[in-house]
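In case you want the letters, here they are:
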Amino acid sequence: MSLTHYILDFAYSFNTCINCFPTPSLHINNRSYKIQRLLGEGGFSYVYLVQASNGEYFALKKIRCPFGAESLQHAMKEIDSYKIFNDEHIINMIDSNVVQERDGSKTVYILLPYFRRGNLQDTINANLINHAHYDEREALQLFLEIAQGVRVMHKHRVGEDSGLNTRRAGNNTLDLEREAQPLMDDQRVTPVTSMSNLLSSRGAVVPYSHRDIKPANIMLSQTGVPVLMDLGSCTRARIEVASRQQALELQDYAAEYCTMSYRAPELFDVKTNSVLDEGVDIWSLGCTYFALLYCSSPFELQSSESGASLSLAIINGQYRFPDAPKYSERNKDVIRACLTVDPKHRPDIDRVILMIQGALQQF
């Protein structure tokens, strides 16, 4: 028998043997799920496609916490952030569980909806490969819905229309206390709104920021509704930076959890005695919309064309609009406004939505 026949025979036997093994499964709060395949990974996180006993598919996020209390705290705050919002444009958590491993470390499992259509980055990649692009009206309409999801975060009201209030029963005061805690380590932030004010002002607006808005973090439902996902970087939006140490810690946090090409300039060099706010998301929205139209974030495009440093291009707001595809100036004005380098002059989410609606009136 030739070497080729030996190889083919071995490959057939190996595949047959693999098919004999049962599909691996795991249990989350007494419910069994079969692992189908790995969807993605990053850092200490893995996302799997799993199937429930009734045949329904879900996305299961597995977060390893090898560094003790600090990494576990970050994972648990991600779970809390899923419970805050209740809107079709923000992903909801179905279940979660914490498992003690044999080596003493903890692993956090988060069960999420599975989106068969994938994310916005998948669509952008397909457009790039097929030399296609979004129709302007379609792009504006999609971006409007994304902005409406961000508005839910930026205009969040304590104790109203939130997962902490509607998705589980519990003591209302305790729920408000948990919502009052910033979703970052206490030593890193000084929340602008005090807890006593929150408890006495049920319904008060307490803004949150996603802090990692990008096409890969926007899923598409079966009906085409954009859904913000990956709330691991979500925090209370307004953070007072009271010391140089806090500034450096926030800068390091942003470098770890906020994707560079979509990160706002103020997160590259956090200033002492400044306030970080919802403006970081507005910048990321501008980068995301640019990528939706031109299949690349503005500063990655600038960096690849000129060879300039990506971080310097972002800090200085250096980018240009490609000659093609052609879009209206009113459409580009939305991006120009979002990519205002000085956060004090950047529009808020309501202004961005008004600009998008104004651009849509052309059609």
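Residues numbered from 1 in each chain as written. Predicted model: local features only at pLDDT ≥ 70, side-chain atom pairs only at ≥ 80, totals over all residues. Heavy atoms only, no water.

Visitor: Where do I start with unusual backbone geometry in this structure?
Guide: Trans is the common state for peptide bonds, and a negative phi is the common state for residues other than glycine. Here the bond from Ala324 into Pro325 is cis, since omega is 0 degrees, no more than 30 degrees from zero. As for its position among the elements, Pro325 is in the loop between α11 (310-315) and α12 (329-338). Residues other than glycine seldom take positive phi values, yet Asn29 does so here, at roughly 50 degrees. Here Asn29 shows up in the loop between β1 (25-28) and β2 (31-42). (Helix = DSSP H or I, 4+ residues; strand = E, 2+ residues; numbered from the N terminus.)

Visitor: Looking at this structure, I do not really get the packing of aromatic side chains. What am I missing?
Guide: Aromatic ring pairs: the centre-centre distance and the angle between the two ring planes describe each pair. Under the defined criterion, the tally for this structure stands at 13 aromatic pairs. Centre to centre, the rings of Phe44 and Phe67 are 5.3 Å apart; their planes meet at 90 degrees, and the pair counts as edge-to-face. In this pair, Phe44 sits in the loop between β2 and β3 (45-52) while Phe67 sits in the loop between β4 (57-65) and α2 (69-84), placing the two residues 23 residues apart along the sequence. Pairing Tyr294 with Tyr327 gives two aromatic rings, centres 5.7 Å apart and planes at 85 degrees, and the pair type is edge-to-face. With Tyr294 in helix α9 (residues 279-294) and Tyr327 in the loop between α11 and α12, the pair connects residues that are 33 residues apart, well separated along the chain. (Phe/Tyr/Trp six-rings, centres within 6.5 Å; stacked < 30°, edge-to-face > 60°.)

Visitor: What is the right way to read the pairing of strand β6 (residues 106-113) from this model?
Guide: One face of the sheet, then the other: side chains in a regular strand alternate in exactly this way. For β6, a buried count of seven out of eight residues is recorded, marking the element as mostly surrounded by other parts of the structure. With eight bridges joining them, β4 and β6 adopt antiparallel strand pairing. Considered in β6, the bridge of Leu60 is made with Leu111. The sheet contact formed by strand β5 (residues 95-100) and β6 spans six bridges and is antiparallel. Note that in β6 the partner of Asp95 across the bridge is Leu111. Between β5 and β6, which follow one another and run antiparallel, lie five residues, and Gly104 among them has a positive phi close to 95 degrees. (Buried < 20%, exposed > 50% of the residue type's maximum accessible area, 1.4 Å probe, protein only. Pairing = 2+ DSSP bridges.)

Visitor: I tried to follow helix α8 (residues 244-257) on my own but got confused; where do I start?
Guide: Every α-helix carries 3.6 residues per turn, so stepping three or four residues along brings you back to the same face. In this model, α8 (14 residues) spans 20 Å end to end at C-alpha, consistent with the 20 Å of a helix rising 1.5 Å per residue. For α8, the full list of buried residues reads Gln246, Ala247, Leu250, Gln251, Tyr253 and Ala254. For α8, the angular spread of buried residues about the axis comes to 160 degrees, placing them on one side. For α8, the exposed residues set more than 90 degrees away from the buried face come down to Gln245, Asp252 and Glu256. (Expected span 1.5 Å × (residues − 1). Arc of directions from axis to C-beta.)

Visitor: What exactly am I supposed to notice about the packing of α9 against helix α10 (residues 298-306) here?
Guide: Any two packed helices are characterised by how steeply their axes cross, that is the angle between the axes, and by the distance between the axes. In the contact formed by α9 and α10, the axes pass within 8 Å of each other and the chain directions differ by 65 degrees. Between α9 and α10, the residues in contact are Trp283, Cys287 and Phe290 and Pro298, Phe299 and Leu301, respectively. Considered class by class, the residues forming the contact of α9 with α10 number six nonpolar, no polar and no charged. (Axes fitted to C-alpha atoms, helices over the stretch in contact; angles between N-to-C directions. Contact = heavy atoms within 4.5 Å. Nonpolar A, V, L, I, M, F, W, Y, C, P; charged D, E, K, R; others polar.)

Visitor: Explain the sheet that holds β2 here, please?
Guide: Working definition: the strands of a sheet are paired by backbone hydrogen bonds and lie parallel or antiparallel to each other. Taken together, the six strands give an open sheet; going across it, the order is β1-β2-β3-β4-β6-β5, and neighbouring strands pair in antiparallel fashion. Unpaired on one side and paired on the other, β1 and β5 mark the two borders of the sheet. Strand-to-strand twist of the sheet, defined as the mean angle between neighbouring strand axes without regard to direction, takes the value 35 degrees. Packing of α2 onto the sheet brings it into contact with β4, β5 and β6, and relative to β6 it is tilted by some 20 degrees.

Visitor: What's the story with α9 in this structure? I'm lost.
Guide: A rise of 1.5 Å per residue sets the reference length of α9, with its 16 residues, at 22 Å; its end C-alpha atoms lie 23 Å apart and thus fit the reference within 8%. In the segment just after α9, Cys295 is the residue with positive phi, at about 65 degrees.

Visitor: What exactly am I supposed to notice about the pattern of salt bridges here?
Guide: Pairing is possible between side chains that carry opposite charge, provided their charged atoms lie close to one another. Within this structure, the stated rule accounts for twelve salt bridges. Its salt-bridge partner being Lys61, residue Glu78 comes within 2.8 Å of it at the nearest N-O pair. Here Glu78, found in helix α2, pairs with Lys61, found in strand β4; they are 17 residues apart in sequence, far enough to count as distant. The pair formed by Glu78 and Lys61 is uniform in burial state, with each residue classed as buried. Taken together, the shared-partner salt bridges connect Glu329, Lys332, Asp333 and Arg336 into one network. (Salt bridge = Lys/Arg side-chain N within 4 Å of Asp/Glu carboxyl O.)

Visitor: I would appreciate a short explanation of the side chain of Glu266 in the present structure.
Guide: Considering the arrangement of structural elements, one finds Glu266 in the loop between α8 and β13 (275-276). Owing to a relative accessible area of 13%, Glu266 belongs among the buried residues under this scheme. Polar contacts involving the side chain of Glu266 include one to the side chain of Arg346, which spans 2.8 Å. The residues touching Glu266, leaving out its near neighbours within four places in the chain, are Leu276, Gly279, Val280, Val341, Pro343 and Arg346. (Polar contact = N/O pair within 3.5 Å; in protein donor to acceptor, adjacent residues only side chain to side chain.)

Visitor: Just checking my understanding: could you explain the pairing of β1 for this structure?
Guide: Side chains Leu26 and Ile28 project from β1 onto a buried face, and the interleaved Ser25 and His27 project onto a face without burial. Note that β1 and β2 share four bridges and pair antiparallel. When the sheet's bridge partners are listed, Ser25 is paired in β2 with Lys34.

Visitor: It is not clear to me how the confidence of the model for the protein should be interpreted in this structure. Could you clarify?
Guide: For any part of a model where pLDDT is low, the fine detail of the predicted coordinates should not be relied upon. Of the residues in the protein, 82% have a pLDDT of 70 or more, and the chain-wide mean is 86. Per-residue pLDDT stays below 50 along residues 10-20; that stretch engages in zero contacts with residues further than four places along the chain or on separate chains. Here residues 163-178 is modelled with pLDDT under 50, and outside its nearest four sequence neighbours on either side it reaches 35 contacts, counting other chains as well. (pLDDT = per-residue confidence, 0-100.)

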